[in-house]
Amino acid sequence: MLLTGIAAAFFYMFAFIAVASSVMVVVARNPVHSVLYLILTFFNASALFVLTGAEFLGMILLAVYVGAVAVLFLFVVMMLEVNRVTFRKGIAEYAPIGVLVGVVIAAQLLIVVVGQSLAIEPSGTPALPTPDPAARPNTAALGDILYTDYVYFFQIAGLVLLVAMIGAIVLTLRDPRPHIKRQNIGEQVARDPEKAVELVDVESGKGL
Amino acid sequence: MTAQELAQSLVIAAPELLIAIGAMALLMVGVFVRKESANAIVTSLTVALLVAALGWMVFFAPMGPAFGGAYVHDAFTFFMKMLVLIGSIVALVMSVGFAREEKFDRFEFPILIALSTLGMMLMVSADNLLSLYMALELQSLALYVIAAINRDSARSTEAGLKYFVLGALSSGMMLYGISLIYGFTGHIGFDEIAAAVTGGERSIGVLFGLVFLLTGLAFKISAVPFHMWTPDVYEGAPTPVTAFFAAAPKMAAMAMLVRVVMDAFQPVTADWQQIIVFISIASMVLGAFAAIGQRNIKRLMAYSSIGHMGYALVGLAAGTVAGVQGVMLYMAIYLAMTLGTFAFILAMRRKDEGNVEQISDLAGYASNNPLMAAILTALMFSLAGIPPLAGFWGKWYVFLAAVEAGLWPLAIIGVLSSVVGAYYYLRIVKIMWFDDAEGRFVAPAGELRLVMGASGVFVLAYIVFGGPIAAYAEAAARTFF
């Protein structure tokens, strides 16, 4: 099924911006700009999902990748202060592998396209045919079962995340941390002038 | 799922629900009590929680499927969950003194044990591939953290990292296998998969999936050739953690393996039988030979546990009622012997140098504390499989099942490797009774003496009360047929 009319126009626009900005991710001189281009790529990919009727996937992509992953990247890039020259030195070295991966992906895409144009039907019948996205929005389809039929798995997933959280805290939090100064009100109130103030005779012409 | 079905499911899964809610409540307790006493308070409350879950399961919990076929509680899961809970409770009790002495008294430790126990119980009860995988991840993730809990020790951190990386690899392989099985049968429920492969009609894709799934499961029970992590993790982790690793997770993973092959893949027995036979032989032989050169008693126990998993798999390879019964009894007996031995290892403390782990440190122990030495001797004879102790009966059941199923070579190799294995168990006995004493251990704590005493009584008296256990295990094994 090919897109037509205005949908096709939007598809080409989003697709073009996605490709262009992902090229910019690699070639941008400033790493912060790279991350910003990456976020632009994610937005366009998300728009492409919405165009195909997968609105839930599109929104999740934004929430997870833009909301969490890209912001994390941005933090890391800003904190590490990556040296621009050394950052770009690897490009020539890794180019052959990149080209190889690109060729493989292109070949796979070609196989899919050729296969579809030759109308090779997948063998067997699908266990559960996909309903028409227009008639059944996939957010509603997920919502129907996630908290009912799949509530058991949903709850276990919650527990797994709880364990991950406890684990991260157990393995990293050091207490008491020496570099953190905490307020101790009792100590502050108990101070008196004798302990807090020190009177020193300073000889003229000399420092302390 | 209607509200009524959900209510019924929650009643069936009440013990797990109790642990899940209790663990979250205990997190709050740990935050609000004083820091110095947090570990002691939360540990005792966690033990109480697990005992309550065990009591609830024994006296109240009804049996049956729940959550739309994702979960099942029957006689088999009852038996294995009881072993899991006993293993966790005893390991936790044994950790109290060690945590105090070695200063790893963080209150998250008992809570992580409780959450991984929850994962193990869900693993045992899993009745489709999705719930199996999620429960496994819950259990493993908690175990990775527990292995590295003594984060100031480089070896503990290394153990945690190694376990995590290899565990993630095995989870990935298992998930790939699950996806292949789902793709080629169209189902994730064990009964539906069994229906889809009935009469031995299975595509090559299902076979591939089965191999990957068994690979992941073999990693979890540390069967050869997926055992490489075991000695390092056992040696590096703090000793109470090692005791826990050697006990409860093995029960859960073995129960899961039994359910997968006996429930979902029973129609294609010939396909998985050859895999189980191979890993069983490899584990028995490696467990017997690799342990000979060990100097550290925790590493020795790691190889010993690899070997014992091999023996338990002999029963599974038979694929009969007697075989499953043998696996269940073997695991129960292994649990008792392992916990007793680790109680002893935890009691190996010197006044000036703290806990020691070398086998040579045991020299002349019998002249200092003959009663303890006698109990350890009984445990070692039992681990070696010498009649009339419990370990012998475990091997008796699995080898008998293998012979009845016509797997003569497997039983013969098993008997031969247990003769080789007897060497290193008896060496400990020899060092203890006949070598010259090098120093004294401090008197063991009360809870360690209790565990050792109970384990010793179990091993010695199994011949008296083993009959009813065997009868129950046989009835439970029939749930698969």
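Residues numbered from 1 in each chain as written. Chains lettered and ligands numbered in written order. Predicted model: local features only at pLDDT ≥ 70, side-chain atom pairs only at ≥ 80, totals over all residues. Heavy atoms only, no water.

Novice: Would you mind going over the overall build of chain B in detail, with residue names and values included?
Specialist: Along its length, chain B carries 19 helices and four strands. Whereas a compact globule of 481 residues would reach a radius of gyration of roughly 23 Å, chain B reaches 21 Å, a difference of no more than 12%. Here chain B holds 481 residues, and the buried ones make up 62% of them. The average position of the 25 basic charges and that of the 29 acidic charges among the side chains of chain B differ by 8 Å. (Helix = DSSP H or I, 4+ residues; strand = E, 2+ residues; numbered from the N terminus. Rg over C-alpha atoms; globule rule 2.2 N^0.38 Å. Buried < 20%, exposed > 50% of the residue type's maximum accessible area, 1.4 Å probe, protein only. Lys, Arg positive; Asp, Glu negative; His and termini not counted. Charge placed at Lys NZ, Arg CZ, Asp CG, Glu CD.)

Novice: I'd love a proper account of the nonpolar core, names of residues and values included.
Specialist: Note on soluble globular proteins: their nonpolar side chains tend to be buried together. By size, the foremost hydrophobic cluster in this structure holds 197 residues, and its most contacted members are M94 and F265 of chain B. Those residues within four positions of F265 of chain B in sequence are excluded, and the remaining contacts are I181, I193, V206, L210, L213, V260 and W272 of chain B. One finds I39, F42, V66 and A70 of chain A within the second-largest nonpolar core, a separate group that totals five residues. (Core = buried A, V, L, I, M, F, W, Y, C linked by side-chain atoms within 4.5 Å. Contact = heavy atoms within 4.5 Å.)

Novice: A description of the interface of chain A and chain B should follow, citing residues and the corresponding values.
Specialist: Contact with chain A, which involves 22 residues of that partner, is made by 29 residues of chain B. Between chain A and chain B lies a buried interface of about 2,300 Å² when both sides are counted; carbon and sulfur atoms form 77% of it. Here chain A is connected to chain B by two residue pairs in polar contact (both at pLDDT 80 or more). Grouping the amino acids of the side of chain A that touches chain B by side-chain chemistry returns 16 nonpolar, three polar and three charged. (Buried area = accessible area lost by both parts, 1.4 Å probe. Polar contact = N/O pair within 3.5 Å; in protein donor to acceptor, adjacent residues only side chain to side chain. Nonpolar A, V, L, I, M, F, W, Y, C, P; charged D, E, K, R; others polar.)

Novice: I'd like a description of the domain arrangement of chain A, backed by residues and values.
Specialist: Residues and elements named next belong to chain A. Here the domain parsing of chain A yields domain 1 (1–83) and domain 2 (137–173). Here the C-alpha centre of domain 2 lies 26 Å away from the C-alpha centre of domain 1. Contact with domain 1, which involves four residues of that partner, is made by four residues of domain 2. Carbon and sulfur atoms make up 49% of the area that domain 1 and domain 2 hide from each other, which totals about 310 Å². Counting the contacts that link domain 1 with domain 2 gives zero salt bridges. For the pair domain 1 and domain 2, the number of links is four residue pairs in polar contact (both at pLDDT 80 or more). (Domains from an automatic or database assignment. Salt bridge = Lys/Arg side-chain N within 4 Å of Asp/Glu carboxyl O.)

Novice: How would you summarise the UniProt feature "transmembrane region" (unreviewed entry) in chain A if you had to cite specific residues and measurements?
Specialist: The sites that UniProt annotates as "transmembrane region" (unreviewed entry) are residues 6–28, 35–54, 60–82, 94–119 and 152–173 of chain A. The span residues 35–54 of chain A is 85% helical and 0% strand by assignment, and the distance between its end C-alpha atoms comes to 25 Å. (UniProt positions renumbered as here; feature names shortened; annotations may be inferred.)

Novice: An account of the side chain of T43 of chain B is requested, with residue identities and associated values reported.
Specialist: Examined against the element boundaries, T43 of chain B turns out to sit in helix 3 (residues 35–59). Once you skip the residues sitting within four places of it in the chain, T43 of chain B turns out to touch L92, V96 and P110 of chain B.

Novice: Let's hear about a nonpolar patch on the surface: which residues, and what values?
Specialist: Together, V71, L72, F75, V76, M79 and L80 of chain A line one region of the surface with nonpolar side chains, adding up to about 640 Å² of accessible area. Checked against the element boundaries, M79 of chain A lands in helix 3 (residues 55–80). (Patch = residues over 30% accessible without salt bridge, like charges linked within 9 Å, V, L, I, M, F, W, Y side chains within 5 Å. Areas by Shrake-Rupley, 256 points an atom, 1.4 Å probe, with all protein chains shown as cover.)

Novice: How would you summarise unusual backbone geometry if you had to cite specific residues and measurements?
Specialist: All names here are of chain B. Residue V224 is joined to P225 through a cis peptide bond whose omega torsion reads 5 degrees. At the junction of P387 and P388, the peptide bond is cis and its omega measures out at 5 degrees in the coordinates. Its place among the elements puts P388 in the loop between helix 16 (370–384) and helix 17 (390–404). Located in the positive-phi region is F67, a residue other than glycine, with phi close to 55 degrees. Following the sequence through the fold, F67 ends up in the loop between strand 1 (64–66) and strand 2 (71–73).

Novice: Let's hear about helix 10 (residues 229–236) of chain B: which residues, and what values?
Specialist: Residue pairs three or four apart in sequence face the same way in an α-helix, which turns once every 3.6 residues. Residues and elements named next belong to chain B. Within helix 10, seven of the eight residues are buried, which leaves it mostly tucked inside the rest of the structure. Every buried residue belonging to helix 10 is among W229, T230, P231, V233, Y234, E235 and G236, and all of these are buried. Elements in contact with the buried residues of helix 10: helix 7 (154–185), helix 9 (204–220), helix 11 (239–264) and helix 13 (297–318).

Novice: Go over the packing of aromatic side chains, please, and point to the residues and values.
Specialist: All names here are of chain B. Using the criterion set out here, one finds 30 aromatic pairs over all chains in the structure. Here F67 and Y71 contribute two aromatic rings whose centre-to-centre distance is 6.2 Å and whose plane-to-plane angle is 85 degrees, an arrangement assigned as edge-to-face. The residues F67 and Y71 share a single accessibility class, namely buried. Ring centres 5.1 Å apart and planes at 75 degrees place the aromatic pair F392 and W393 in the edge-to-face group. Put simply, the rings of Y144, Y163, F164, F219, W229 and F245 touch in pairs and so form one group of aromatic residues. Over the face of the ring belonging to Y311 we find K395, whose NZ or CZ atom lies 4.5 Å from the ring centre. (Phe/Tyr/Trp six-rings, centres within 6.5 Å; stacked < 30°, edge-to-face > 60°. Lys NZ or Arg CZ within 6 Å of the ring centre and 35° of its normal.)

Novice: Before we move on, can you summarise the packing of helix 9 of chain B against helix 12 (residues 269–290) of chain B with the specific residues and values?
Specialist: All names here are of chain B. Packing of helix 9 against helix 12 brings their axes to within 11 Å, and their N-to-C directions diverge by 30 degrees. Classified by the interaxial angle, the pair formed by helix 9 and helix 12 is roughly parallel. The element helix 9 and its partner helix 12 pack so that their crossing is right-handed. Here L207, L210, V211, L214 and A218 of helix 9 lie close against helix 12, whose contacting residues are D271, W272, I275 and I279. Here the contact of helix 9 with helix 12 is composed, by residue class, of eight nonpolar, no polar and one charged. (Axes fitted to C-alpha atoms, helices over the stretch in contact; angles between N-to-C directions. Parallel < 35°, antiparallel > 145°, perpendicular 65-115°, else oblique. Left-handed = near helix turned anticlockwise from the far one by under 90°.)

Novice: So what's going on with helix 3 of chain A? Which residues, and what values?
Specialist: Residue and element names in this part refer to chain A. Between its first and last C-alpha atoms helix 3 spans 36 Å; for 26 residues at 1.5 Å apiece the expected length is 38 Å, and the two agree. Approximately 30 degrees is the largest bend angle found in helix 3, and it occurs at Y65. When helix 3 is considered as a whole, its buried residues turn out to be G58, L61, V66, A70, L74 and V77. In the core, the buried residues of helix 3 are packed alongside helix 2 (31–51). (Expected span 1.5 Å × (residues − 1). Bend = angle between axes of the 7 residues up to and from the residue.)

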